[in-house]
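The primary structure of each chain is shown beneath.
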Amino acid sequence: MKMSAAEISQVLKEGELEKRSDSLLQFWKRKTCVLTTDSLNIYADTQKRSKGKELKLQSIKKVDCVERTGKFVYFTIVTTDNKEIDFRCSGEENCWNAVITMALIDYQNRKAIQDFKTRQDNESASPGLQERRMARAP
């Protein structure tokens, strides 16, 4: 399944999100975030959008630990190497955790379909393997 450049770079959500720092005091720092169909881009500076960090959806295992308080929704992104990144967003806005979760599910579904089609194409390219499978079928 080939994706066009427009599909790859489609922006799903853009706005502010607060990320907890990795330092000892763990301050909440406001970041500008752009969620696309294949990554979450986190920028420190709203205007320049330089020196940003890109968190690919393929490196995200799950969105976890969702908690709602009066003012904020807190959630954690768990990466495939089991690192946890804590975020919070205002409860009045569209919740980032839901949008990120849906983007992750969509990405995983697209990847599964692509893997299936690749496997199907590889099997049809080698007819000997298909004949052996048919011979074993009950």
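Quick note: structure is the one above.
Residues numbered from 1 in each chain as written. Predicted model: local features only at pLDDT ≥ 70, side-chain atom pairs only at ≥ 80, totals over all residues. Heavy atoms only, no water.

> Give me the lowdown on the nonpolar core, citing residues and values where you can.
Core analysis: the largest hydrophobic core is formed by 21 residues, its most contacted members being L17, L40, F75, I77, F87, W96 and I100. Listed by contribution, the elements that provide at least two residues to this core are β2 (28-36), β3 (39-43), β5 (60-68), β6 (72-79), β7 (84-90) and α2 (96-125). It is α2 that contributes the most residues to this core, 5 residues altogether. Residues contacting L17, with those up to four places away along its chain left out, are K29, R30, K31, C33, F75, F87, R88, C89 and W96. (Core = buried A, V, L, I, M, F, W, Y, C linked by side-chain atoms within 4.5 Å. Buried < 20%, exposed > 50% of the residue type's maximum accessible area, 1.4 Å probe, protein only. Helix = DSSP H or I, 4+ residues; strand = E, 2+ residues; numbered from the N terminus. Contact = heavy atoms within 4.5 Å.)

> Describe in detail the sheet that holds β2, supporting the description with residues and values.
If you walk across this open sheet you meet the 7 strands as β4-β3-β2-β1-β7-β6-β5, and the pairing is antiparallel. The sheet is open, and its two borders are formed by β4 (53-56) and β5, each paired with just one other strand. Ignoring which end each strand starts from, the neighbouring axes of this sheet average 30 degrees apart. Bridge count for β6 against β7 is 7 bridges, and the pairing is antiparallel. Residue pairing in the sheet places F75 in a bridge with F87 of β7. (Pairing = 2+ DSSP bridges. Axes fitted to C-alpha atoms, helices over the stretch in contact; angles between N-to-C directions.)

> Would you mind going over the packing of aromatic side chains in detail, with residue names and values included?
Applying the stated rule across the entire model yields 3 aromatic pairs. Between F72 and Y74, the ring centres sit 6.1 Å apart and the planes meet at 65 degrees, which makes this aromatic pair edge-to-face. By relative accessible area, which is 14% here, F72 ends up buried. Classification of Y74 as partly exposed rests on a relative accessible area of 23%. Ring centres 5.6 Å apart and planes at 20 degrees place the aromatic pair F75 and F87 in the stacked group. Of this pair, F75 sits in strand β6 while F87 sits in strand β7, and the two are 12 residues apart along the sequence. Judged by its relative accessible area of 1%, F87 is buried. Counting every residue linked through ring pairs, the aromatic cluster contains W28, F72 and Y74. Lying across the ring of W96, K13 places its NZ or CZ 5.1 Å from the centre. For the cation-ring pair, R88 lies above F72, with the distance from its terminal atom to the ring centre recorded as 4.1 Å. (Phe/Tyr/Trp six-rings, centres within 6.5 Å; stacked < 30°, edge-to-face > 60°. Lys NZ or Arg CZ within 6 Å of the ring centre and 35° of its normal.)

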